[in-house]
Structure formats: C-alpha cells, structure tokens
Protein chains: 2
Amino acid sequence: MKNTSVVRGRLAKLRLSMQAKGVSTCVIPSSDAHQSEYTPEHWKTRTYFSGFSGSAGTLLITLQEAYLWTDSRYFLQAERELSGTGIILQKEGLKDTPTVEDCLKKLTPNSVVAVDGWVFSVKEMETLREKLQRNNLIVYSGFDPAENVWEDRPPLPNSPVFLFPEEFSGESAGEKIKKIKSEIAKDNCNAILLCALDEIAWTFNMRGNDVPCNPVVVSYALITSEESVIFIDEKKVSHEIREILQQDHIRVAGYDCLIPYLSVQKNLKIRIDAGKTNYAIYSSIQDLSKEKNKIEFILKEGPSPVGILKAVKNETEVSGFKDAMEKDGVALVRLLMWLEKSLSGGKNISEMSVEEKLIEFRKEQPLYVGKSFNAIVGYQEHGAIIHYNASENTNKLLQKEGLLLMDTGGQYFNGTTDITRTIALGEVSKEMKHDFTLVLKGHIALATAYFPQGTRGSQLDVLARKYLWQEGLTYMHGTGHGIGYFLNVHEGPQNIRLEENAVSIEPGMVTSNEPGIYRSGKYGIRIENLILAKQVKETEYGKFYGFETLSLCPIDLSLVEQEILSKEEKKWLNQYHQTVFERLSPRLSEEEKDWLKEKTKEI
Amino acid sequence: MKNTSVVRGRLAKLRLSMQAKGVSTCVIPSSDAHQSEYTPEHWKTRTYFSGFSGSAGTLLITLQEAYLWTDSRYFLQAERELSGTGIILQKEGLKDTPTVEDCLKKLTPNSVVAVDGWVFSVKEMETLREKLQRNNLIVYSGFDPAENVWEDRPPLPNSPVFLFPEEFSGESAGEKIKKIKSEIAKDNCNAILLCALDEIAWTFNMRGNDVPCNPVVVSYALITSEESVIFIDEKKVSHEIREILQQDHIRVAGYDCLIPYLSVQKNLKIRIDAGKTNYAIYSSIQDLSKEKNKIEFILKEGPSPVGILKAVKNETEVSGFKDAMEKDGVALVRLLMWLEKSLSGGKNISEMSVEEKLIEFRKEQPLYVGKSFNAIVGYQEHGAIIHYNASENTNKLLQKEGLLLMDTGGQYFNGTTDITRTIALGEVSKEMKHDFTLVLKGHIALATAYFPQGTRGSQLDVLARKYLWQEGLTYMHGTGHGIGYFLNVHEGPQNIRLEENAVSIEPGMVTSNEPGIYRSGKYGIRIENLILAKQVKETEYGKFYGFETLSLCPIDLSLVEQEILSKEEKKWLNQYHQTVFERLSPRLSEEEKDWLKEKTKEI
C-alpha cells in the first residue's frame, strides 16, 4: 500500500534528523502554537508522520519504535490508517494500555526526549518535564520534527482578516479591552498576552478563515495600558481595517514580532495563561524577564479573564443566537421533510447525502457562512461511534427502519449552532424507544433545572445522567460544552461534565445539553440543544439561575415511550414543541407548516 | 461581668508575653496537635483567651486589638460570649467581613506574626506562610500562647486505653497494618506517620476516652517495615494490652518520643500527610532529613491510605452498624412515644428534657457507650439554628404545635449513629408541610440513586437539593459526611457536598443523607439517615453502586404533602417504613409495636 510506505519513509527521515541531534525519542502532539482544537494544515505534523488523520492523538517515536495514543472515538480509524506503518496503536482509556509516561520510563536514563516547544502549552510542558525528570530523562524543547523533513509543508494560512461589526458583536473592541484591563489589574498586571485564537478574535471583533469551521485568524496579541498589538501576518490586514483598529489604539505587527516587541518594552507586568500560551513564547519571555529593567510576568492557571468575558454573551449576541436558531431550525425542518419524502419515495439516500442536503438547506439561510464542525451523520451501528464522520469507505445507505443520529452545526454571521437529533426511519425496537426516552428525560431534567448562583457544571451533570444510571447505562462524553458566537463550536471555560471544573455557570453563558446512549454495533442516540443560562428567581436564599433552550427543531415523538414520562416532562415537551412551531412557522411554507404542526403535536 | 474581666486579664498577660518575644500579632486556631474536630480541654487555648466556647473559630490578637472569626452556626453565641471582652466578632461568610489575611495585610511590614506550630497542619502552615510572605510579614511558628500565661491549663487527658476486640472490629491490627504497608509501598515509602487520632484508633483496634464523644486516644503512631510504634502516655497502656499488641509487632513509647525515636532510625522513607500532621512535628522531621544517612520523607496531600481503608467498612462493621441502628431505632421510638404521651398529658417538656430522655432510652440498649455528639434539639425558631445546642439560657418549653428538630447520635460498641428527625408537635402550617416534603423528596432521591463506579459525592449532592432549588431554596451545609464505626461521628475522606472532593463513593462506605431547610426565626427541617454504599448492578457500561439506608426510625407522615410525592417516592417511603417496622418490632413491647404500626402505615 502506497500510504504506508510514505509514512515509513517520513519516519526514517525523522529518525536520521533525531540521530543527528542526539535525540533518542520525540513526542508529537496534535496541537498548534495556539492550543487550538482544530489546527491549520501547517501544524498537522502528527498526521504527517503517522498517517492518522483523527483530530486527537499523540505520537511517540524512538529510534526503533513508534506509538500513537488516541481515544475511543478513533480506535477503528486509527487501526485502519496505521496499519502497515509499523506504528503501534495505544488505545487510551483501556485498562491495559500503557501511558506515554510508561513508555518513557523504559528509556535508558539520560536519554534526550525532544519536543517542539511551540506546540506544547506551558502547563503541558511543565507536566511532561516533571515526568521526564522523575525518570532521569533529559528534555529538549527546541526540536521541530518537521524541519528539513517535511519538504512540502503547507505555509501558515493566509486568509484575509475581516472586522466583525458592532451590529453583530454588540460591543466595540475598545470596550472589551477596557474590561480586560480592569480584570488584569486585579492581579496587579498592566498587560496580558493572548495566544488562543478565539480569544483574540473575540477581543478585537476580528474574524478570518485560517482554520476549517472556526472563523479565527492565526495571531498573538498583547494588551498593555498604552496600546494593543495584534501580531499577525501583516498582509492579511487591509489598510482600511488598520485605520479602524487604530481608533481603539490597536496596532498590527508581524506574526514573528511578539518577542522583538517585548524586548524593547519596560515596566510591563504581563498576565500569561499557563494553559493557552505555548512554551516557546513563554520561555523567551522568561529570558527577557531575567534582563535588567525589563518586563515581569505572572503565570496563571485557570480560565483567563478574556475567556470568561467571552463566555457570557451580551444582549446582541443572545438575540443573534436566537435568530440563528430559527434559521437553523428551518433548514433542519426542510431536511427532515426531504428525508421522509425521499425514503418513502424509495430514493437512495446515504449518510453523506443527508449531510450534503443539510448544507444545501443551511446555505439558503441569510448570513450562513459554513459548517461549524464536520457533521456526524450515523445510521444504525454508525450512530454508536461517537465522533463518526461518514466517508466514501463507510457511507451507509439508509433503510426504512432503525435510527439515524445527526449531529451538525452551522456558522452564521450572527451565531454558531450545534444540534443533534436522532430519528426513527421506520420500525424501531422497544429497546430503542426506551433508551431514547431515558435520554430525553435527562435532557429535560437539565433543561428545566434551577440552581443557585455559584453552581458548577459538574454539579448539574448528574441531572442528565440519572435516568440512565438508574438502569445501569451511561455515556462517556460530557453533557455540555460552551459554544462561541460566530466562533468556535467548542469553547470554555464552563462546561457540564462528570469532571470537576471550578468555573460556575453564569447568566449569559450558552452551553450544549447533549446526553446520549450508545449501543455498540447497534445504534446511537443523542438529543442535543443549546441552552442559555439566565436568572430565574431571587429569594432570601440568593439568586437562582436556569436555562432557556435556544435550539429549535422537533424531537421525534415516535421514539417517545410516553408511559415513562412524568406529567412535568410531557408538559416541557409540549411547550418546547409549541415554541418550535411558533418560532419557525413564520419562516415556513404552508406545506412545511403542516408537516411541522404534525411533528409538534401535543402528547 | 466577671467573665469579661477574666478574658481581658488573660489577653493582657498574653500581650506582655508577646511583647517580651518581639511578637506583634498572634493567631490562635481551634484545633489540637492532631487536627481533631473535637479537642481535649488541654488544647482549648482559643476558648481560654477569647471566652468563646464554640467548636470553630480563629482568634487574632495584636498588641492593641483582637478579632474572632467564626461561622454562621455560632454568630449568636459568639456575640453573647465575646460581649465586653473587647474582641471584635468577624462573621465568616458575610460579604463585608474581612478575612484573616485582610487584617494581616494592615500590619506594618516586617512585623512578626506568631503561631503555635503544634496546632497547625503542614498544609495550613504553608498557606499561612504564603499569605504572610505576600504581605512582607515574618512568621514565627514556635510560639505557644498558653506558655507562662495559662497557669491552670488542664493536663493532657489520661483515660486508659482499651482494645477493641476483633469480634467487633472484624480485622486484626496486624492485618490492617499489612494493608497499610502495601498501600504506602505504592509511593515507594517504607513507613507512615499517623497523627489523626481516629486513624490511630482504627489501625490498632484501640479505643479510649480522651476526647468527648470521640472514643480516641491522644497519640502518634509510626508504622515501619520492622515494627509499629504508638507514641502515647505510657501510663495509659496496661501490661496486658502491651503484650497483646506485641503479638503484631506493635510497641508503645512515650508521647514525646516520636522525634527521639526517628533520630536514631536509618533508611526510612516516611509518608507524611500534609493535612493531618502538625507543623512542629513535620519541621523536626525535616531537620532530621537534612542530616547525613538519615530518614527521608514524602509529603502527600489528599486522603491517607488509612483514611480510605477505614472508610470502607468490613462485613463485621456493617453488621455491627445494622444492630446499632436497631437499638438506636428502639430508643428513638420510645422517645417519640414518650414525647407524644407527655405533651398530650400536659406535661412540661423542654428541649433539654428531650435530650436527657433520649440518653436515658439509649442507655437501656446493649453496648451503648455514650453520645456521639452534642444533641441538637431545636423547637420552632431554634430548629433554624443549624448547630443549636440547648442550654439553660435558651431552653424552650415545647407546645402542642409547630416543628421539633432532633439531631442526635449514640456511640455503641458496635457502631456509631447519627440521625435527624423533624416532627410535628401539633398543628403545622402548609408551608411547613411543603418544605418538609421537598426535603423528603431530596432525601429519597439520594437514597435511591444508582451511580457508576468512580462517582464523587459532589456529583450526587444535587440530587438531594434539586427539589429545593427548583423553588429558590437551599441549605448551606453538606448533604452527607462519612461516619466512623465506634469512632468519630464525622470522618472522611468521602462526603456528599457542594464542594469538590476527589474521593469517590465506594461500596462499604457509610455516609449521612441529611438535606434540610431553615426558615430563620421560624423553624428548621432536616431528615437524616445513614446510608451504606453497595454494588447494585454490573452491565456492559461498568459497575453501578447505590445505597442501603441503615437508620431505622419512622418519618413523620403527618408532615408529608402527599400530592407532590411521585409514585416511586411513595413506594420508597412505604418500603422504608415496612423495614423500620419489621426490624424494630421484635425488640418492642406490644404497646410500642402498635404505636409503630400506626406511624409506619402505608400511604
């Protein structure tokens, strides 16, 4: 097979480069210099050297062996893609799988383990360094595995920057910067370094197309009391945009100019985010701080003030979201109708054609920009693969039976959507209906929860799981993630997960509500809406918050086992469906309205 | 008033002593050298210098001023007890209350802040030191405020030690020590220092009466691969006991001999618990470790292996608990009957007489030792004071109306109990019944929850609160604490609280389930049972655990608003009452049985 020999050739070249530099082991993660979840092609070094194209994975290469760790979402794909490359798959989360550290332990003491400091956060590097030191290994953080090996490496992306007008953002960059300054003053800082692309995009009301699905721009930014500087490929920023930015004392400098800029500054005390700043940049700043009369910094863990400000949506953003949900709902209603008609008309419909058709319907909507992530459209057993993406190799034809899971989302100029519906294509089993209804009960419990100020997502998570737990079932993913506003579909700092996260849910935060159940080899079920946190009560016991469901699309009533729904749950479902009908129908044709009326009928 | 001048005199003497030693500020916490919740009289230094007798509080004394911090449980009591002493009460948890750190910030730089390293844990001392250094203050940890001031200071308690036979403990000290050794080997340690009195009592199957309500013995212990040594006032340990201990290679040495013993040891690597070891001991060990060829140590945060082993009850302990619950249930049934009769007979019954009568009934039960904590018997508005203890000053006469909250517990040789019942003494309002039923719904939700292996108490806590939250209500205490087996009524490491705690709930752990609601100035409601975690299911999704309710006492049906209970909740209540009747009736007289039959009737 051609691909495997290509990968073997690349690894051979890398090993020569390692030997030349006295390196015995090299660790390559999936991230980029900005700790992005989705990375530009330029930074897909791990994919280049392993052939594994999944979004998450860590490659460890010694002079003789190579291992790739990835999680359960990608076991099948990784097995296929790694086959023949000599790279050994390490299935994360399984009891017998050794960790990266276990493998490092076996190395000869005083071996050099090399990594590229540009793609490790300060926090990750500190953890790695501690592990290596514990095993008497030497870490070398200045090793770029791609250097002199990856000859046709794609350049950094060069999509032009566009400004995101206040009409959509609801707040000027100048106002945001003012808030950020007042936040960092609490830590006695007069400057903040931003490395996360979505934080930069949000702060400066700036968008681009550097990363698929995420409208961000590759850049760094520094905000000081004097000015703000965006470090970015200068060709991407037009003269007009520069002039507008200048009004808020925002300057543009070259992408490589952050350290040179800092080297001539004085009296700066910079807030640095340990989780989002890459180690190479940090290490240069550390060096600068050691010189006389130069800058100081503090390294902070936990969410950055920008992350929290960004997570709490303002009024303009909230009403943008609501409009985007209506448009998305219309596209979904059209898709569901089309699917129903096509299947009953005997047409050949595949997972991929569902995805294509939905993009077509979303494209008809005003202000649609593109997809917010790669759609997951999984029929029958494919639905049980949590991050399944249909491809030519796997694409399944839909039949008039069983379950179809569709997790899709769009980027609109006034909002980002992410919604999952699981629908019956015909006859379904009792088990399917029962599972669906347990998931629905959990979804409703979270959607209707009230909770006092200060409550964390990890406290609420159980509400979505308890009906499943009661029957010995669970799902191994989070219940809810934050979502950006015409930004990344996954954003922090809040979430609703099993794992502890100290960030509390605050009014204005938008989070997903997506419990599910996955029957391996059979089917998958997930019901996902976006929910907006808001204050619902104030009593002598304090402020209480709750959620407003934002997503608008019918939930398949033919899958509901009505007997196990409580009166309150039925009421929620009926009210939700009434809202879906009322909000979507003005945007629908008569035929579509009739269809939706039936799908949202009272139970 | 005499008391206030006594306190003023003591403070004056302390200030002279401070001045003589160049100390400008002194901080006195409530704890003892073993980080106990309840401390022997010897260590009640904070009470001695402030006159405040509550269990929790921190006293800060400067040459001019004095402040006492305590939490909401003690606001009223502290106001009363501090009045006239010149000590300013700082109400913890209120928005405008400065913290200890805020007060320290105001001190002149380079001032000396003195503390007694014997009553601060390593962790607390590190935190304090960091705060002081941040404010350019000098910390002196060798200052005993009582020295040369507290002339009639009570000596260390000297109750004799008794062994806790294997018939009750279910496991010999030798077996426990073996398990502990294998746990510490995981950290590459060959020794462990124990400072927590309940951990020592559990490990060596040893009990005493050094602390009120807690059957523990003041001591330290060191377990090494060669032997185990208990450092204790040697007079407390009889010759017979020593001989028995010797069989498991357990030796006894003087209470002050830990450091001398360590100073002649070699090749020890000691596990030290940062949260439970006092700073003075730690600091001496640190010194020893700096000498050539001497001992090493590692300082660990998080629960100790002994704490976890102790928390998971063995079969003998579980059946002991069950027997103790039956005896406790009988005593409570008799109390409730007596109370009903006495009130309807027009007798004068007060909060304190309820407490006394219950002790009388408990004393009739086999193997009863004493109370496990100071009873909380709060009528009407007193029920809203979460840690109320009736005294001559506050003792209220009961009327034939309103709510009585009784939170009490007993130490039995085969178990420790802790139970709260809230009962109607006559007519009650709709609000009372509604509140009671919301609390009951939460209690049932936790009691009936199933959850996967690895679930933490902080994830389950919401189940007990959600019905209250839904109506804008909450309670500001934990939902559940661990409980010892003929040991401390509060023990870790697991709990069920709002706050994150990384320890998961494991089968064999016994925890309380005690949601409540407190209407300030009106009434308090709490329903508390002890619950035993156990495996309930194993599926393809893993192991699932649930709880068995251990406490046996009817829940007042006259307070239940049946309309808001679900079918499942009614079923739980009926089943619980059936169990209460079946388990208690063989121990009751015919009259008592008839009474209980009525109180546990199906709804």
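Criteria and cut-off values
- Residues numbered from 1 in each chain as written.
- Chains lettered and ligands numbered in written order.
- Predicted model: local features only at pLDDT ≥ 70, side-chain atom pairs only at ≥ 80, totals over all residues.
- Heavy atoms only, no water.
- Helix = DSSP H or I, 4+ residues; strand = E, 2+ residues; numbered from the N terminus.
- Rg over C-alpha atoms; globule rule 2.2 N^0.38 Å.
- Buried < 20%, exposed > 50% of the residue type's maximum accessible area, 1.4 Å probe, protein only.
- Salt bridge = Lys/Arg side-chain N within 4 Å of Asp/Glu carboxyl O.
- Pairing = 2+ DSSP bridges.
- Axes fitted to C-alpha atoms, helices over the stretch in contact; angles between N-to-C directions.
- Least-squares fit on C-alpha atoms with pLDDT ≥ 70 in both.
- pLDDT = per-residue confidence, 0-100.
- Contact = heavy atoms within 4.5 Å.
- Phe/Tyr/Trp six-rings, centres within 6.5 Å; stacked < 30°, edge-to-face > 60°.
- Lys NZ or Arg CZ within 6 Å of the ring centre and 35° of its normal.
- Buried area = accessible area lost by both parts, 1.4 Å probe.
- Polar contact = N/O pair within 3.5 Å; in protein donor to acceptor, adjacent residues only side chain to side chain.
- Nonpolar A, V, L, I, M, F, W, Y, C, P; charged D, E, K, R; others polar.
- Core = buried A, V, L, I, M, F, W, Y, C linked by side-chain atoms within 4.5 Å.
- Disulfide = S-S within 2.5 Å.
- Parallel < 35°, antiparallel > 145°, perpendicular 65-115°, else oblique.
- Left-handed = near helix turned anticlockwise from the far one by under 90°.

1. Some thoughts on the overall build of chain A
Within chain A one finds 18 helices and 28 strands. In terms of overall size, chain A behaves like a compact globule, its C-alpha atoms giving a radius of gyration of 25 Å where 603 residues would be expected to give roughly 25 Å. On the principal axes, the C-alpha backbone points of chain A span a range of 75 × 55 × 50 Å. Taken across its 603 residues, chain A has 59% of its residues classed as buried.

2. Quick notes on the pattern of salt bridges
A complete count under the given rule lists 92 salt bridges over all chains for this structure. Between A:Asp461 and A:Arg465 there is a salt bridge whose closest N-O contact spans 2.6 Å. Taken together, the residues A:Asp461 and A:Arg465, both in helix α16 (residues 457-469) and four residues apart, mark about one turn of the helix. A relative accessible area of 0% means that A:Arg465 is categorised as buried. For the salt bridge of B:Arg134 with B:Glu101, the shortest nitrogen-to-oxygen distance reads 3.0 Å. In this pair, B:Arg134 sits in helix α5 (residues 122-134) while B:Glu101 sits in helix α4 (residues 100-105), placing the two residues 33 residues apart along the sequence. Three or more residues are tied together by salt bridges with common partners; here these are A:Asp323, A:Glu326, A:Lys327, A:Arg583 and A:Arg587.

3. Some details on the sheet that holds strand β6 (residues 138-140) of chain A
Residue and element names in this part refer to chain A. Pairing is mixed in the open sheet, where six strands are placed in the order β4-β3-β2-β1-β5-β6. One side of each edge strand has no neighbouring strand; the edge strands of this open sheet are β4 (88-91) and β6. Taking each pair of neighbouring strands and ignoring which way they run, the sheet shows an average axis angle of 20°. In this structure, strand β1 (residues 25-28) lies alongside strand β5 (residues 112-114), joined through two bridges in parallel fashion.

4. Overview of the relation of the copies chain B and chain A
The transformation that overlays chain B on chain A combines an axial shift of 0.0 Å with a rotation of 180°, and the residual RMSD is 0.0 Å. The superposition of one copy onto the other is thereby described by a two-fold rotation axis. Residue B:Gln459, judged by its C-alpha, is the member of chain B lying nearest the rotation axis, at 2.6 Å.

5. As for the confidence of the model for chain A
When pLDDT is low, close inspection of the predicted coordinates is not appropriate. On average, residues of chain A score 95 in pLDDT, and 99% of them are at 70 or above. Model confidence for the complex is summarised by a pTM of 0.93, with the ipTM given as 0.92.

6. A few points about the sheet that holds strand β8 (residues 191-194) of chain A
Two modes of strand pairing occur in sheets, parallel and antiparallel, and in both the strands are linked by backbone hydrogen bonds. Residues and elements named next belong to chain A. Here we have six strands laid out as an open sheet, ordered β12-β11-β10-β8-β13-β14, and mixed in their pairing. What marks the edges here is a single partner per strand, and that holds for β12 (250-253) and β14 (296-300). Here the strands of the sheet are splayed against their neighbours by 20° on average, with no regard to which way each runs. Relative to strand β13 (residues 269-273), β8 runs parallel, the two sharing two bridges. The residue bridging Ile192 from the neighbouring strand is Arg271, located in β13. Contacts from helix α9 (residues 239-246) reach β11 (228-231) and β12 within the one sheet, and its direction differs from that of β12 by about 140°.

7. With respect to the packing of aromatic side chains
Taken as a whole and assessed by the stated rule, the structure comprises 42 aromatic pairs over all chains. Relative to A:Tyr261, the ring of A:Phe231 lies with its centre 5.6 Å away and its plane at 70°, an arrangement referred to as edge-to-face. Highlighted residues: A:Phe231 in strand β11 and A:Tyr261 in helix α10 (residues 258-263), separated in sequence by 30 residues. For A:Phe231, a relative accessible area of 0% translates into the label buried. Classification of A:Tyr261 as buried rests on a relative accessible area of 11%. Centre to centre, the rings of A:Trp572 and A:Tyr576 are 5.2 Å apart; their planes meet at 0°, and the pair counts as stacked. Taken together, the positions of A:Trp572 and A:Tyr576, both in helix α17 (residues 567-584) and four residues apart, correspond to about one turn of that helix. In this pair, the class of A:Trp572 matches that of A:Tyr576, namely buried. Members of the aromatic cluster, connected to one another through ring pairs, are A:Phe162, A:Phe164, A:Phe168, A:Phe321, A:Phe413, A:Tyr485 and A:Phe486. When the ring centre of A:Tyr48 is taken as reference, the NZ or CZ atom of A:Arg10 above it lies at 3.8 Å. If you follow B:Lys466 out to its NZ or CZ, it ends over the ring of B:Tyr467, 5.2 Å from the centre.

8. Some remarks on the interface of chain B and chain A
Taken together, the contact pairs 30 residues of chain B with 30 residues of chain A. Here chain B packs against chain A, burying approximately 2,500 Å² in sum over the two surfaces, 53% of which is carbon and sulfur. Its largest share of buried area at the contact with chain A, chain B owes to B:Trp469, B:Gln470 and B:Tyr541, together 27% of the area lost on that side. Between chain B and chain A we count two salt bridges in total. Across the contact surface, chain B and chain A share 13 residue pairs in polar contact (both at pLDDT 80 or more). Of all elements in the fold, only β21 (451-452), α16 (457-469), β25 (516-519) and β27 (529-539) of chain B reach the threshold of two or more residues within the side of chain B that touches chain A. With seven residues, α16(B) is the largest single contributor of residues to the side of chain B that touches chain A. Its residues assigned to classes, the side of chain B that touches chain A comprises 14 nonpolar, eight polar and eight charged.

9. A look at the nonpolar core
Core analysis: the largest hydrophobic core is formed by 191 residues, its most contacted members being A:Leu339, A:Val354, A:Leu404, B:Leu339, B:Val354 and B:Leu404. Sequence-distant contacts of B:Leu404, that is, excluding residues within four places in its chain, are made with B:Leu339, B:Val354, B:Val377, B:Gly378, B:Tyr379, B:Leu398, B:Arg421, B:Thr422, B:Ile423 and B:Leu425.

10. Re the state of the cysteines
Throughout the structure, instances matching the rule amount to zero disulfides over all chains. Left unpaired, A:Cys103 is separated from the closest cysteine sulfur, that of A:Cys26, by 14 Å. In this model B:Cys257 remains outside any disulfide bridge; the closest cysteine sulfur is found in B:Cys195, 15 Å from its own. A residue is classified by how much of its surface remains accessible, and B:Cys257, at 30% relative accessible area, is partly exposed.

11. Describing the environment of B:Gly275
Residues and elements named next belong to chain B. Looking at where Gly275 falls in the secondary structure, it is placed in the loop between β13 (269-273) and α11 (279-290). Between the C-alpha atoms of Gly275 and Phe120, which are 155 residues apart in sequence, the distance is 9.2 Å. Apart from the residues lying within four places of it in its own chain, the contact partners of Gly275 are Gln35, Ser121 and Lys123.

12. Quick word on the packing of helix α15 (residues 430-447) of chain B against α16(B)
All names here are of chain B. The geometry of α15 relative to α16 is characterised by a closest axis approach of 7 Å and an angle of 155° between their N-to-C directions. Relative to α16, α15 is oriented roughly antiparallel. By crossing handedness, the relation of α15 to α16 is classed as right-handed. For the pair α15 and α16, the contacting residues are Leu438, Val439, Lys441, Gly442, Ala445 and Leu446 in the first and Leu460, Leu463, Ala464, Tyr467 and Leu468 in the second. Split into classes, the residues belonging to the contact of α15 with α16 amount to nine nonpolar, one polar and one charged.

13. Observations regarding the packing of helix α13 (residues 315-344) of chain B against helix α18 (residues 590-599) of chain B
Residue and element names in this part refer to chain B. At a closest axis distance of 11 Å, the pairing of α13 and α18 adopts a crossing angle of 85°. The orientation of α13 with respect to α18, classified from their angle, is roughly perpendicular. When α13 is examined against α18, the residues Val333, Arg334, Leu336, Met337, Glu340 and Lys341 are found in contact with a partner set consisting of Glu591, Glu592, Trp595, Leu596 and Lys599.

14. Focus on unusual backbone geometry
The peptide bond linking A:Gly492 to A:Pro493 adopts the cis configuration, its omega dihedral lying at 0°. In this structure, A:Pro493 sits in strand β23 (residues 491-496). Even without glycine at this site, A:Gln35 takes up a positive phi of about 55°. Note on A:Gln35: relative accessible area 21%, which makes it partly exposed. Of note in this structure, B:Asn148 is not a glycine but carries a positive phi near 65°. When you line up the elements, B:Asn148 lands in the loop between β6 (138-140) and β7 (162-163).

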